[in-house]
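Residues per chain are reported as follows:
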Amino acid sequence: EMAIQRSVLFAACAASMLFLAASALPTNVQSLKLAQQSPQKSTILPNQVSGNLTPKTMGLRGGSQSALSSFINFCDVQHLPIGILIAIFVGLNSPEVGVEMGKNKFFQDWSIPTIFFINGLKIKGEEAKKAIKNVKALGWGLSCILFISAFIGSYLSKVAPLGVKEFVSGIAVFSCLPSTTVSSPMLAAKAGGSFALALLLTLSANVLGIVTTPYLLANLVGIRGGNFSVPAMIQRLIRTSLIPLILGNAAVTFSTHAKETAAYFSKILTYISSLVIIFQPWITISRSTKSGVFGRVKGMDVFVLTLMVTSMHLMWQGMEYLGCLALGLSVKSTKSVCIVGGAKNLPLSLALVGMLPKEVGDTGLLTLPIVLGHFSTIVCDSILGTYWSESK
């Protein structure tokens, strides 16, 4: 009972931190700029204040350079990895709550569709049409995302000196995934890349990845056993990820009211999606802790795993960059391909882990390389994006 109380208290503190970050920052940066330029014509969105919206009048809401303001801004930008770290910590130390949460029907059946439906609401499909004529960049980018990264990851997983078989499989699974749908196009644009190309790459890769990922897992990674079936996995991925993604995007495409509502509550939708994502590793890690499988993991295994996933990401980006140079792609296209090409889809990877046969291994141990791979992507892409944004 004491362990459960500590876990609930810790979760409450984490939720309070997320709420503080959400309430302390403006929802829409573009609206803030508009308000600064023309206060009379501006529309105040949630988490904004009325009046003269300048850094001095906003205090912690974007203008202050105090340590607290910087900390709140950091928590807002990096709330997903922070939340996942907290989830792993709680799952390792107090697994009881996570195990009970996993019994809830929402987390069993509706959590993944919810994530992709929200992603669909946030995707601006009309922007992607602008990059259709960029055939060379689109072809090379999709080849990197769907196939080249999978071959590199699969090879590295086989030669990696890891003593935990789930870590080997987790690396291979992570490398076979399509790219993330929302964050990587925005980071590519921030780095001076083509937002339209980055968005078209992510949309195309996620649609094609519904088919390519199961085939790669079966024929490249060699996943076998249980009720594992490529057609069955494709059907399940279509049902849990592709259809919700299409429905969400269709809602904002064909309904002006839905589009305005999604834009109005953009920040809230982001936090809801992140919260549901955070629950996935919390539940799987909690179950694994409860069963005692983490006793097989040594500190050196985690250290080697971290080196492997980071090296893998750098190899992906190096290969992508060399290909862009060989094809003579523009600087903007090169930036988009390199940023999007190595950013794998975390929600889809967590969904796939739950679909794999039991013979592959424990789901909690399979989740760790995926989470570490996601962290390495954030670090590497943030460094690269910052460098390119300052030099553009």
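Rules behind the numbers
Residues numbered from 1 in each chain as written. Predicted model: local features only at pLDDT ≥ 70, side-chain atom pairs only at ≥ 80, totals over all residues. Heavy atoms only, no water. Helix = DSSP H or I, 4+ residues; strand = E, 2+ residues; numbered from the N terminus. Buried < 20%, exposed > 50% of the residue type's maximum accessible area, 1.4 Å probe, protein only. Contact = heavy atoms within 4.5 Å. Areas by Shrake-Rupley, 256 points an atom, 1.4 Å probe, with all protein chains shown as cover. Salt bridge = Lys/Arg side-chain N within 4 Å of Asp/Glu carboxyl O. pLDDT = per-residue confidence, 0-100. 1 Å grid on protein atoms, 1.4 Å probe; cavity = no way out; pocket = protein on both sides within 12 Å on 5 of 7 lines; lining within 4 Å. Points joined across faces, edges and corners; volume = space filled by probe spheres on them. Nonpolar A, V, L, I, M, F, W, Y, C, P; charged D, E, K, R; others polar.

Draft legend 1. Geometry of the overall build of the protein. For the protein, the count of helices and strands is 19 helices and zero strands. Buried positions account for 53% of the 392 residues belonging to the protein. Here the contacts in the protein between residues at least 6 apart in sequence split such that 81% fall between residues at least 24 apart. Accessible surface for the protein amounts to roughly 18500 Å². Of this, 66% is attributable to carbon and sulfur atoms.

Draft legend 2. The arrangement of the pattern of salt bridges in detail. If you walk through the whole model with that rule in mind, you get four salt bridges. Lysine 103 is paired through a salt bridge with glutamate 100; the nearest N and O atoms lie 3.2 Å apart. Classification of lysine 103 as exposed rests on a relative accessible area of 53%. Salt-bridge contacts for lysine 105 lead to aspartate 109; the nearest nitrogen and oxygen are separated by 2.8 Å. In this pair, lysine 105 and aspartate 109 are both assigned in helix α7 (residues 105-122), four residues apart and thus about one turn of the helix distant.

Draft legend 3. Structural context of the environment of valine 371. Inspection of the secondary structure puts valine 371 in helix α19 (residues 363-391). Since its relative accessible area comes to 3%, valine 371 is described here as buried. As for valine 371 and phenylalanine 174, which are separated by 197 residues in sequence, their C-alpha atoms are 9.3 Å apart.

Draft legend 4. Main features of the confidence of the model for the protein. A residue-level look at the protein finds 83% of positions with pLDDT of 70 or above and a mean pLDDT of 80. Segment residues 1-64: pLDDT under 50, and 80 contacts once partners within four positions in sequence are set aside and those in other chains are kept.

Draft legend 5. Structural context of the layout of surface pockets. The space that makes up the second largest pocket amounts to roughly 690 Å³. Around the second largest pocket sit 26 residues that line it, and Phe107, Gln108, Arg236, Ala351 and Gly354 are the ones nearest its centre. Within the residue set of the lining of the second largest pocket, elements represented by two or more residues are α7, α13 (230-254), α15 (266-291) and α18 (346-355). A per-element tally of the lining of the second largest pocket places α7 first, with seven residues. Class assignment for the residues of the lining of the second largest pocket results in 12 nonpolar, nine polar and five charged.

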